[in-house]
Amino acid sequence: MAAYLQWRRFVFFDKELVKEPLGNDGAAPAAAPASGPAASKFLCLPPGITVCDSGRGSQIWFLPRSLQLTGFQAYKLRVTHLYQLKQHNILASVGEDEEGINPLVKIWNLEKRDGGNPLCTRIFPAIPGTEPTVVSCLTVHENLNFMAIGFTDGSVTLNKGDITRDRHSKTQILHKGNYPVTGLAFRQAGKTTHLFVVTTENVQSYIVSGKDYPRVELDTHGCGLHCSALSDPSQDLQFIVAGDECVYLYQPDERGPCFAFEGHKLIAHWFRGYLVIVSRDRKISPKSEFTSQDSQSSDKQILNIYDLCNKFIAYSAVFEDVVDVLAEWGSLYVLTRDGRVHALQEKDTQTKLEMLFKKNLFEMAINLAKSQHLDSDGLAQIFMQYGDHLYSKGNHDGAVQQYIRTIGKLEPSYVIRKFLDAQRIHNLTAYLQTLHRQSLANADHTTLLLNCYTKLKDSSKLEEFIKTKSESEVHFDVETAIKVLRQAGYYSHALYLAENHAHHEWYLKIQLEDIKNYQEALRYIGKLPFEQAESNMKRYGKILMHHIPEQTTQLLKGLCTDYQPSLEGRGDREAPGCRANSEEFIPIFANNPRELKAFLEHMSEVQPDSPQGIYDTLLELRLQNWAHEKDPQVKEKLHAEAISLLKSGRFCDVFDKALVLCQMHDFQDGVLYLYEQGKLFQQIMHYHMQHEQYRQVVAVCERHGEQEPSLWEQALSYFARKEEDCKEYVAAVLKHIENKNLMPPLLVVQTLAHNSTATLSVIRDYLVQKLQKQSQQIAQDELRVRRYREETTRIRQEIQELKASPKIFQKTKCSICNSALELPSVHFLCGHSFHQHCFESYSESDADCPTCLPENRKVMDMIRAQEQKRDLHDQFQHQVGVSAWVTAPLTEQITGALAASLLLTEDRRPTVLILLSSSPAAQVLQRQLLCDCGLLWPRCFQQIDSPDRPSHGQADCKPGGWVAAGPAHALQEGHLSSLWGEV
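Residues numbered from 1 in each chain as written. Predicted model: local features only at pLDDT ≥ 70, side-chain atom pairs only at ≥ 80, totals over all residues. Heavy atoms only, no water.

**Observations concerning the overall build of the chain**
Step number 1: When you go through the chain residue by residue, the secondary structure sums to 31 helices and 33 strands.
Step number 2: Counting over 983 residues, the chain shows a buried share of 45%.
Step number 3: Looking at the chain alone, contacts between residues at least 24 apart form 48% of all its contacts between residues at least 6 apart.
Step number 4: A total of about 52000 Å² of accessible surface is found on the chain, and carbon and sulfur atoms cover 49% of it. (Helix = DSSP H or I, 4+ residues; strand = E, 2+ residues; numbered from the N terminus. Buried < 20%, exposed > 50% of the residue type's maximum accessible area, 1.4 Å probe, protein only. Contact = heavy atoms within 4.5 Å. Areas by Shrake-Rupley, 256 points an atom, 1.4 Å probe, with all protein chains shown as cover.)

**Some remarks on the sheet that holds strand β18 (residues 239-242)**
Step number 1: With respect to topology, four strands assemble into an open sheet ordered β17-β18-β19-β20, the strand pairing being antiparallel. Here the strands that pair on one side only, and so sit at the sheet edges, are β17 (228-230) and β20 (255-259). Neighbouring strand axes in the sheet, compared pairwise and without regard to direction, differ in orientation by 20 degrees on average.
Step number 2: Alignment of β17 against β18, held across three bridges, turns out to be antiparallel. Bridging from a neighbouring strand, L230 pairs with F239 of β18. (Pairing = 2+ DSSP bridges. Axes fitted to C-alpha atoms, helices over the stretch in contact; angles between N-to-C directions.)

**So, the packing of helix α2 (residues 362-371) against helix α3 (residues 376-392)**
Step number 1: At a minimum axis separation of 10 Å, α2 and α3 run at an interaxial angle of 175 degrees. By the angle between their axes, α2 is roughly antiparallel relative to α3. Judged by residue contacts, F362, E363, A365, I366, A369 and K370 of α2 engage L379, I382, F383, Q385, Y386 and H389 from α3.
Step number 2: By residue class, the composition of the contact of α2 with α3 is eight nonpolar, two polar and two charged. (Parallel < 35°, antiparallel > 145°, perpendicular 65-115°, else oblique. Nonpolar A, V, L, I, M, F, W, Y, C, P; charged D, E, K, R; others polar.)

**Quick word on the sheet that holds strand β24 (residues 312-320)**
Step number 1: Strand order in this open sheet of five strands is β1-β24-β23-β22-β21, and the pairing throughout is mixed. Either end of the sheet is taken by a strand with one partner, and the two such strands are β1 (8-9) and β21 (264-271).
Step number 2: As judged from the five bridges shared by strand β22 (residues 274-280) and strand β23 (residues 300-307), these two strands associate in the antiparallel manner. Among the inter-strand pairings, S279 is bridged to a residue of β23, identified as I302.

**Quick notes on the packing of aromatic side chains**
Step number 1: Within this structure, the stated rule accounts for 29 aromatic pairs.
Step number 2: A centroid spacing of 6.0 Å and a plane angle of 40 degrees characterise the contact between F146 and F186, whose relative ring orientation is tilted. With F146 in strand β10 (residues 146-151) and F186 in strand β13 (residues 181-189), this pair connects stretches of sequence that are 40 residues apart. Each member of the pair, F146 together with F186, is buried. (Phe/Tyr/Trp six-rings, centres within 6.5 Å; stacked < 30°, edge-to-face > 60°.)

**A short note on the nonpolar core**
Step number 1: Of all hydrophobic cores here, the largest spans 152 residues; its most connected members are L303, I305, Y431, L646 and F719.
Step number 2: A185, I240, V241 and I277 belong to the second-largest nonpolar core, a separate cluster that totals 28 residues. (Core = buried A, V, L, I, M, F, W, Y, C linked by side-chain atoms within 4.5 Å.)

**Considerations on the side chain of S205**
Step number 1: Note that S205 resides in strand β15 (residues 203-207).
Step number 2: Accessibility expressed as a relative area gives 1% for S205, which makes it buried.
Step number 3: Of note is the side chain of S205, whose polar atom sits 2.6 Å from the backbone oxygen of P252.
Step number 4: Apart from the residues within four sequence positions on either side, S205 is in contact with L195, F196, P214, R215, V216, L218 and P252. (Polar contact = N/O pair within 3.5 Å; in protein donor to acceptor, adjacent residues only side chain to side chain.)

**Considerations on a nonpolar patch on the surface**
Step number 1: There is a patch of nonpolar side chains on the surface, built from L802, F809 and L829 and spanning about 270 Å² of accessible area.
Step number 2: By relative accessible area, which is 42% here, L802 ends up partly exposed. (Patch = residues over 30% accessible without salt bridge, like charges linked within 9 Å, V, L, I, M, F, W, Y side chains within 5 Å. Salt bridge = Lys/Arg side-chain N within 4 Å of Asp/Glu carboxyl O.)

**Details of helix α11 (residues 504-515)**
Step number 1: For α11, which comprises twelve residues, the first-to-last C-alpha distance of 15 Å matches the rise-based estimate of 16 Å (1.5 Å per residue) to within 8%.
Step number 2: Residues of α11 that are buried include every one of H504, W506, Y507, L508, I510, Q511 and L512, and no others.
Step number 3: Check the buried side of α11 and you find it contacts α9 (478-488), α10 (491-500), α12 (518-527) and α13 (530-547).
Step number 4: Positive phi appears at K516, one or two residues downstream of α11, with a value of about 65 degrees. (Expected span 1.5 Å × (residues − 1).)

**Here we look at the UniProt feature "domain: RING-type" (unreviewed entry) in the chain**
Step number 1: UniProt records the feature "domain: RING-type" (unreviewed entry) for residues 814-852 in the present numbering.
Step number 2: Annotated as residues 814-852, this span is 18% helix and 15% strand, and its ends, taken at the C-alpha atoms, are 14 Å apart. (UniProt positions renumbered as here; feature names shortened; annotations may be inferred.)

**Section: the state of the cysteines**
Step number 1: A complete count under the given rule lists zero disulfides for this structure.
Step number 2: Here C814 stays unpaired: no disulfide links it, and the sulfur of C817, its closest cysteine neighbor, is 3.7 Å away. (Disulfide = S-S within 2.5 Å.)

**Remarks on the pattern of salt bridges**
Step number 1: Following the criterion strictly, the structure yields 26 salt bridges and no others.
Step number 2: Between E601 and K597 there is a salt bridge, and its shortest N-O distance comes to 4.0 Å. Of the two residues, E601 and K597 both sit in helix α15 (residues 593-606), four residues apart, roughly one turn of that helix.
Step number 3: Judged by relative accessible area, which is 23%, K597 ranks as partly exposed.
Step number 4: Note that R794 is salt-bridged to E798, the shortest N-O span being 2.7 Å. Here R794 pairs with E798, and both are found in helix α25 (residues 760-804), just four residues apart, close to one helical turn.

Listed below in C-alpha cells is the structure:
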C-alpha cells in the first residue's frame, strides 16, 4: 500500500471558469447566477460525453467547442444514463417514456438526422425480464458489438452483437447478485474481451468473447457510483475501483496495487495517465446514493489529480457540489451543481520540469519526463542539470553518474573539464569507461583514460579495459592505446594489444626499440602471414641482421624460397608456400658479407631461377674476395668459383655488367672469357697484344680467324711493328694468309717493310709461291680469252653468212617427233625443222625455236641480269672489297679487255693500274663505272700513245687505249668509298 502522506503536491494544472460565448452584440454575457433557471440547465460536453443531472430532464444537451449549447428531446419523461463512444459518433442513452420502472435503451447516430434531431437507430427495453428494476450504470464496447447494463438489484445484462440493430444483437443476463451494480467497463486484450463488474461489495470479471462467460471473483470490496474507471495502456488497462479507504487496481484475473487515498470517494476518472478523484471527508455509506438524491449535503469537495507512476499529486483543489468530471479537447472539465464549468488545463512538460528544478527534485523530473515520453535530448538536459546540481553540492560520485546518462547527447569535454583535478580522477575514469563502452570515445578520450589508469596505478582495471574477448568488444582506438601504454612504460600491455589486434608494426617497434628483444621480434615475424612478414623484414631487417645475423639470414632464406608461417600446433603443410623477391633483401646484408654470401649461394642453389641481381651480387662478392685474398690456395679456389659462376650462363643478358665487374677487379680470365662469349675477338687480340703475348696472338687468330679473317692482317701488322725477332710468328701468319689468300703480296711486303728485323728470307717462300700461283692464273686467263675470241669469230662468221648467203634447209626429220618431215613444215635459221602441228603444239612463241628456246632464255636472263646490275655500285664495291685480287671482280663485271697491276707511288702508297678498253664506248662506260665505285682516283687516267709500252694482265696495251690508277690498299680492305686524292 502506497504511503499517501509522503506524496508531494504540485500545481501542474491551471484552473479557470469556462466563459460563455460572445452574444450577438459582440459582448460577453455575464456569469451565470448561482441559482435560478439558468443554474438548473444541464450542460453537456459535445461529441463524446454527455451528462444527465439526476434524471430531472427529458432532453439531451450538446456543448460543442464553440460553447453554443444545443439539445433535443430524447425521452418523454427523463434521461438517466448516457454513454458516448470515443471512436464512433454513436450515443447510447437510457431513459423513461412513461411512469413506472420501465427504462428504455436508445441508440443514436449523431451523424444522421431525422427532422433536425439525431437519428435513433434502435430502441429496446433495458430490463430483459418482467421484474422492474432501476438502471445503475451503462457501458458500450468501442467495436459496437457489446453493451452491458447494470441494475440496482445486482443484475447485469449483456447485449451481444451489433448494438445499432435489433436483428443482429442478442440480450441476456450475464450476472445476478444481491448488491447494486455501481460500475462496468470493457477491456480488450488481443482477441479476448473482459467485462469488469463492480458492486457496492465486490469486484468481478467476465470473459464475454467466449461462450460460457467464465467469471473471476477479484475482491470483496466495492465502491459507489461513478467511483470506477479503466486506465489507459500506461497502467496496462487496469480497472480502478475507488473505495473509501483505498484505491484498488485490478487485472482481469487478479488484484493489482492499491493506494491509500483518504476521504469519501464521489467520482473516479482517468485522464491522460492521471487518476482524478473527487472526494469529501465526511463519510457516507455508498448505499445512500441509491436511496435519496437529496440526502447529499452541500459539503465542499476535494478534487485530486494523482500521478500513480511517479507518486505525486499533480493538482488539488476544492469545489462545491461537483456533478461530474469530463475530459475533452485535451483538458479536464469539472461540472458543479451551480451550473458552472471549470476547465483544468495541464501545464506543458517544460513548465512542469522547471517547477521541479526550482525545488531540486531532479529524480522526480526524470521520472516525469520519461512518463511524458520526452525525447532523449530533453532527458539528457535534465541529467545534465541534475549532475550540475550534485556537482555544486560536492556529490561528485552522484554527479558523474548523471553525466554518464548524458553520453551521446552532451559534449564529453563539458564533463571532462569538471573532473580533471587529480582528486577526482576516479570519477573521470568512470565516465571515460562508460564513454568507451558505448563506442563514443575518440583517440583523445582513449589517451586520457589510459593516463588515468597509469596515474592511479590500477593495473587490474587497465588489464580489464584492454583484454577484451573479441574484436567486437573493443570500444577504443587500439593504435592510440598502444601509443599511450608505450609512452607510460606499460610495454607488456602495449605488446598484448599489438599482438591481439594485429598491429604488427607497433609490436616490432616496442620489441626492437624499447625492450631490445631481438629474438622475440624475429620469432614474431616468422609467425606472420607472408605479406606482413615480407614488409616487416624489409623495414626491420637491418636491425635484426646487425644483432642476430645467423637467425635473420635463416628466416630470409625461408622467406625467399618456400615460406610457411611458424604457427604452433599446425599440422603437416600441404599448400605450397609463397616466396619473396630475394633481390629486394640484398641491402639488408650491407655490413654482413659473410651472411650475404651464404644467402646468395643458398638462393642460387635452391632456386636457380632467382632474379639476376642475386647472381650479379654473388659475382661481385666473389670477385672482391678473390681480389683481397692473400692465401694462394684460397685465392685459387675463389678464382675457380668466379669462373664457374661466369660459365653458368646467367650473364648472357647482362654481359656488359659482368664485364665491367671483371675489369674493375682486374679478373683477366673472366674478361677474356666474356670477350670470347661476346665474340669480341678484336678485344681478345688487343689484350694479348698489350701484354705482348705473341703465342696467344697467333692462337687467337687460329681459333677465331675463320669467323673474322682480319685478325690475321692485324697480327701481321702487330708483328711488323715489333723490333724484336718475331720471324717464327710472322712465318705462321704469312702461311695462313697465303692459304686463305687474305692479302695482296704487295700489301704484305708494304706491311713488313716497317720491321727492320724482317729480311727478305722471311717472305721469300711466300712471294715465290704467290708469283707461281699468279702465273698459273694468267695462263688460265689467256687460254679462256683465246677460246672466247675463237667463239666470237665463229659466231660473227655465221652471222655474216646468214646476211649474205641463202640458207639451205636439208633436214628430213622433225626435231620434235623425229618423224619424216611433211608439208607444211616450219624451219629456223638455227637448223631445226618441225612439223607445223608439232611446232604449234610445243612452241611458246611463233618467233622462237622450241629446241633452242631454253638455252636462249638462259642467255637472255644473263643479259637482263647484267643490265640490272649495271647501276648497282654498292654490290660491285662489295665484290671488289671481298675479292683477294682486284682483277677477279673487274673481269667479271666489265666485258672488255681489262688488266691491272700493283705499283707504288712516290709517297709509297700502293696503287692499282687498270687498263681500259680501246673502244671509245666501252672505255667511257668502264671509266664511269670505276669512278662511281671509288676504284679510280679522280682525273688519274692517261691515254696510251706508245705502241711499245709493255702489256700486263689480260688485255693488250694498244695505242689509243687508256690506263687508270686507283687505291689498291683501299680496295683490299673494302673502303671503296674513301678516295686518296690525285697521285
